[in-house]
Structure formats: C-alpha cells, structure tokens
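Chain and residue survey
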Amino acid sequence: MAGIYHADFKPSPYWWEAWTPTATNPAEVPAQVRVAIVGGGYGGLSAALELAKNGVDCVVLEANELGFGASTRNGGAVSGGVNIGKSFSGKGLDPTSDRARGVLADGSDAFALIERLIAEESIDCFWQKRGRFVGAWTPKHYAAQEKKLALLNDAAKSGAFMVPRERQREEMASDYYYGGMVVERSASLHPALYYKGLLDACRRRGITICAKTPVQRITGQEGAWEVRTARGPVRADQVVIATNGYTGDITPELKRRVVPLASHIIATEELPEGLAHSLIPKGRTLSDTRRVLCYYRMSPDGKRMVFGGRARFTQVTAAESAPVLYQFMTERFPQLKGVAVTHAWTGNVAFTLDALPHMGRQPDGMHYLLGCNGSGVAMMTYLGWQTARKIAGVANRPSAYDTEDFPTHPLYTGNPWFLPAIGRWYRFRDDLDRRLARLTG
C-alpha cells in the first residue's frame, strides 16, 4: 500500500481546501451574558443563531480554532432519520415502539431544518438532495431493511424503497452488496462550507464567538453560573454544553455518557470523467449495514471519491488509517485500484449507550446536547435549535430526544479503553455473517 499516496498528499481534511478552521482575532470574553455555550461546532452555532433570533444574548466558547472538530471533518451526509437509533453494534430502537416513531419524526424535522437554514441564510455549501443508498451486507440485512421500510416512510417521510441485488448497478458500479435500500429524502453538502455559513450567519447578528478559549471550570447553578476560561471568566444565567465527541473533564457526568469513537476518511485524486460518473451514477451518498460500517460519496464537484469508515476505533495517524480505508474502497470498487489518495483525516463521533442523540438539563439546570451517533450534521444542528427555543420559551413541542433518561454504565468514566476490543469483535461478527451468507448462496 506504500504507493497509494499522491505526491501532494495532506494528512488533513479535503474540505479544508475550501475553508480552513480559523482563530484570527478571537473575540473578547464578555463579563456577563444570558447564555454561555460551550462548544463551537454545529450544535453550538445553531443554538447561538436561534437564541439571537429570539432576542437572547449569548457567547460561544470554543477551545480550538472555529471549526476544528467534527463539524468540518465529517463526510457531509445529511440523513432524514434513517440511521437514528442504530448503534455500531447493529442494534438499536425497537422499530415497533412509539419512541422509534418519535425519534424518526424528529429526524425528519432535522432534515427540514437544515434545508430551511441553508435557504434562509443563503449558505453556499453544495446542498445536493440526491438520496442515499444503504447496501445490505447480507440477505438477512436486506430482509431487515424491508421490515423497516414502512416505518421510515410513515414516520420520517423518507421516500424509501428497496433495490434488489440484480438492480444494484443502477445505484453503484459494483456487485459488492446483496441489494439495499434507497432513501430519497437524504442529501449531502460540503461540511466546512456549511459550518462557515452558520458562522457567517452568527456574525451577521453580532453574536460573540470566542476561538482558542478553553473552558477550565464551571461553577454555580441555574441563574448564577460562572464559566472560567483560559481568557477570563463569564457570568451567565444559563449554560449549554455542546461539546459532543470532544466532551471533557469540565463536565464529568456528561463525559461518562458519551463514547468518543474515531472515524476516518480519505479523498482520492481527481478521477477520469467517465470513471468518476460511473461509480455512483445517481450521485447518492452510500453506506452499508455492517456493524463496522463504511460511508462514501463523490466530492461535491463529482471528481473524487470521498470514502470513510471505522479504519480503527481510536485516533491513529493517516499512515495507519489510509491503507485500511483504501482496501475497503477498492473491495467495493476494484476499478479504483491504482488511484492515489490526496487527503486522509480523522475526527471524533460521539456515541451513546442507547444509540440515540440526547438533549436536556442536568439537575443543576445545565443544558446539554450530545451524542449524534454518526448523524451529526442534521442532529447537532437540530438539537442546538431545539435547546435554544427551549431556553427562549418558544419551543413548539417537546423533542423526542429531550428526556431525563441519558444512560451510562457504572464501569465507564469517559475513557473508552474497551474500543479496540469491541472493534475486533464486531469485525469478526461482520466477517462471519458475510461468510455464512456466501455459503448459503
């Protein structure tokens, strides 16, 4: 695999070629605001934007450069709810439950919110509403997708339909899967440009956004918080934690409720026009039903393959992750063998123990929005919006994600030491399922 790298290879996100996270001239930390938001990703900016629209002053406190985290590192897929409730173990919500219908309905609302924000704020981020194809890893997975179809279409308005294996090449230039499901109400965007658009919208409204301002300690209670940062303290009536996959020691009770899981992505060099168009002829986003899934799409200009997945469950260098992803990519598309990789990068995905996103308040009154479980573009935007409306007193209805039940485990303190072992186990299970599927035809 030593020859997979392009001469101009960069161990950084391909998305940063269009917009790079910045900390130029960080704003001064205000002495007092009504709401202090910790975390400057999609969730934090979405909350700040909606608060400002409702006349509530706030400050966003970001530990690193603006856009440093997963908001500019993700794959840019926007789900209409299809992945909500599915953990990396392959298990999730009971599809027959009222809770499943509620979270899928909210997932549908999240998709509508993103579409509305992009239009209202004139965000130029290559919004492409072309749907998603979810490849079935085995015939049993295909049958499970069929069972879920009616619920997705009823509760999430997904416009979903099944594609049998003999018609799979209508969706991708490969016979790798056992057919799959198309979700028409799904889209893709340029994640860094979407982030920039949210940031610009916040700045147009005069919202104070402080880069390079790590929070060191939070003391007090609802109505009288003091948030100490490396650049000075701020007093606030309300505090919102929107740190997601980068949740740390300043909120230990929340840290032990999210599992930061590394996700890795590569981007190829520009492909010959005919090859590029043939790979995913309808321009959809692709993913699969494996426990250790892969997700991939063409770049917004249609010239490169952007391929992501769990090359490892922990943070590793590009030298370790890129060859693994390259192998996954060429297993699906053998015609890409010999194509060079120009970019490789990683970011943290926040998983929860019940595979669901969460928003709510702790007993002391601190608000939080965490645990996108791989659906962060839509869900973090939505949870930030919902949290802001809740604080402003204008929420139309309670969110299905706003519950007091945010599970943890007595043996988990926030250090995911167990992830490598779990990763090996789930890869073994995936491989076993595939071998059995081949043996049975």
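The text that follows walks through the structure, step by step, so that each part is easy to find.

Reading guide: rules and limits
Residues numbered from 1 in each chain as written. Predicted model: local features only at pLDDT ≥ 70, side-chain atom pairs only at ≥ 80, totals over all residues. Heavy atoms only, no water. Helix = DSSP H or I, 4+ residues; strand = E, 2+ residues; numbered from the N terminus. Rg over C-alpha atoms; globule rule 2.2 N^0.38 Å. Buried < 20%, exposed > 50% of the residue type's maximum accessible area, 1.4 Å probe, protein only. Areas by Shrake-Rupley, 256 points an atom, 1.4 Å probe, with all protein chains shown as cover. Lys, Arg positive; Asp, Glu negative; His and termini not counted. Charge placed at Lys NZ, Arg CZ, Asp CG, Glu CD. Core = buried A, V, L, I, M, F, W, Y, C linked by side-chain atoms within 4.5 Å. Contact = heavy atoms within 4.5 Å. 1 Å grid on protein atoms, 1.4 Å probe; cavity = no way out; pocket = protein on both sides within 12 Å on 5 of 7 lines; lining within 4 Å. Points joined across faces, edges and corners; volume = space filled by probe spheres on them. Axes fitted to C-alpha atoms, helices over the stretch in contact; angles between N-to-C directions. Parallel < 35°, antiparallel > 145°, perpendicular 65-115°, else oblique. Nonpolar A, V, L, I, M, F, W, Y, C, P; charged D, E, K, R; others polar. Polar contact = N/O pair within 3.5 Å; in protein donor to acceptor, adjacent residues only side chain to side chain. Expected span 1.5 Å × (residues − 1). Disulfide = S-S within 2.5 Å. Phe/Tyr/Trp six-rings, centres within 6.5 Å; stacked < 30°, edge-to-face > 60°. Lys NZ or Arg CZ within 6 Å of the ring centre and 35° of its normal.

1. So, the overall build of the chain
Scanning the chain from terminus to terminus reveals 9 helices and 19 strands. Relative to a compact globule of 441 residues, whose C-alpha radius of gyration would be 22 Å, the chain shows 21 Å and is just as compact. With the C-alpha coordinates aligned to their principal axes, the bounding extent of the chain is approximately 65 × 50 × 45 Å. For the chain, with 441 residues in total, the buried portion stands at 59%. In the structure as shown, the chain presents an accessible area of about 17600 Å², 51% of it carried by carbon and sulfur atoms. Both charge centroids of the chain, one from 53 positive and one from 43 negative side chains, sit 3 Å from each other.

2. Comments concerning the nonpolar core
If you look at the biggest cluster of nonpolar residues, it comprises 61 residues, and the most contacted ones within it are Ile37 and Tyr194. Among the elements of the structure, strand 2 (32-38), helix 1 (42-53), strand 3 (58-61), helix 2 (98-120), helix 4 (191-204), strand 13 (258-268) and helix 8 (376-392) are those that each provide at least two residues to this core. Take this core: its biggest share by element is 9 residues, from helix 8. Discounting chain neighbours no more than four positions away, the residues touching Tyr194 are Tyr42, Ile114, Leu117, Ile118, Ile123, Cys125, Leu189, Val377 and Thr381.

3. A short note on empty space enclosed by the protein
One pass over the full model with this rule turns up 3 cavities of 30 Å³ or more. If you add up the space inside the largest cavity, you get close to 40 Å³. Together, Gly75, Ala77, Ile265, Thr285, Tyr295, Tyr296, Arg297, Val306, Phe307 and Gly308 line the largest cavity. Residue assignment for the lining of the largest cavity shows that the elements contributing at least two residues are strand 15 (294-298) and strand 16 (305-309).

4. Quick word on the packing of helix 2 against helix 8
At a minimum axis distance of 9 Å, the contact between helix 2 and helix 8 shows a crossing angle of 90 degrees. In terms of axis orientation, helix 2 runs roughly perpendicular to helix 8. Judged by residue contacts, Asp106, Gly107, Asp109, Ala110, Leu113, Ile114, Arg116 and Leu117 of helix 2 engage Val377, Ala378, Met379, Thr381, Tyr382 and Trp385 from helix 8. Tallied by class, the residues present in the contact of helix 2 with helix 8 amount to 9 nonpolar, 2 polar and 3 charged.

5. Here we look at the environment of Arg389
Take Arg389: it is sitting in helix 8. You can call Arg389 buried: its relative accessible area is 13%. C-alpha of Arg389 to C-alpha of Pro334: the two residues are 55 residues apart in sequence and 49 Å apart in space. Ignoring sequence-local partners within four residues, the contact set of Arg389 consists of Glu50, Val394, Ala395 and Asn396. Here the side chain of Arg389 touches Glu50 through a polar contact of 2.9 Å, side chain to side chain.

6. Looking at helix 4
Spanning 14 residues, helix 4 covers 20 Å between terminal C-alpha atoms, matching the ideal 20 Å at 1.5 Å per step. Burial analysis of helix 4 places 10 of its 14 residues in the buried class, the great majority of the element. Restricting attention to buried positions, one finds in helix 4 the residues Pro191, Ala192, Leu193, Tyr194, Tyr195, Gly197, Leu198, Leu199, Ala201 and Cys202. Of the surrounding secondary structure, the elements contacted by the buried residues of helix 4 are helix 1, helix 2, strand 9 (208-210) and helix 8. Following helix 4 by one or two positions, Gly206 has its phi on the positive side, about 75 degrees.

7. Describing the state of the cysteines
In total, this model carries 0 disulfides according to the counting rule given. Cys58 supplies the cysteine sulfur nearest to Cys210, a cysteine that is in no disulfide, at a spacing of 11 Å. Taking the relative accessible area as the measure of exposure, Cys210 reaches 0% and is therefore buried. Cys372 supplies the cysteine sulfur nearest to Cys294, a cysteine that is in no disulfide, at a spacing of 18 Å. A relative accessible area of 0% means that Cys294 is categorised as buried.

8. Some points on the environment of Asp405
With respect to the helices, strands and loops of the structure, Asp405 is situated in the loop between helix 8 and helix 9 (419-439). In this structure, the C-alpha to C-alpha distance between Asp405 and Gly360, residues 45 residues apart in sequence, is 9.3 Å.

9. Thoughts on the packing of aromatic side chains
In the structure shown here, the tally under the stated rule is 15 aromatic pairs. Relative to Tyr176, the ring of Trp137 lies with its centre 5.8 Å away and its plane at 50 degrees, an arrangement referred to as tilted. Taken together, the residues Trp137 in the loop between strand 5 (132-135) and helix 3 (139-155) and Tyr176 in the loop between strand 6 (160-163) and strand 7 (180-183) connect sequence positions 39 residues apart. In this pair, the class of Trp137 matches that of Tyr176, namely buried. Ring centres of Tyr412 and Phe418 lie 5.6 Å apart, and the angle between their planes is 70 degrees; this geometry places the pair in the edge-to-face category. In this structure an aromatic cluster arises from ring pairing among Trp19, Tyr42, Tyr194 and Tyr195. Its guanidinium or amino end placed over the ring of Tyr178, Arg165 lies 4.0 Å from that ring's centre, counting from NZ or CZ. Stacked on the ring of Trp137, the Lys or Arg Arg434 has its end atom at 4.2 Å from the ring centre.

On their own, these measurements won't tell you what the molecule is for.
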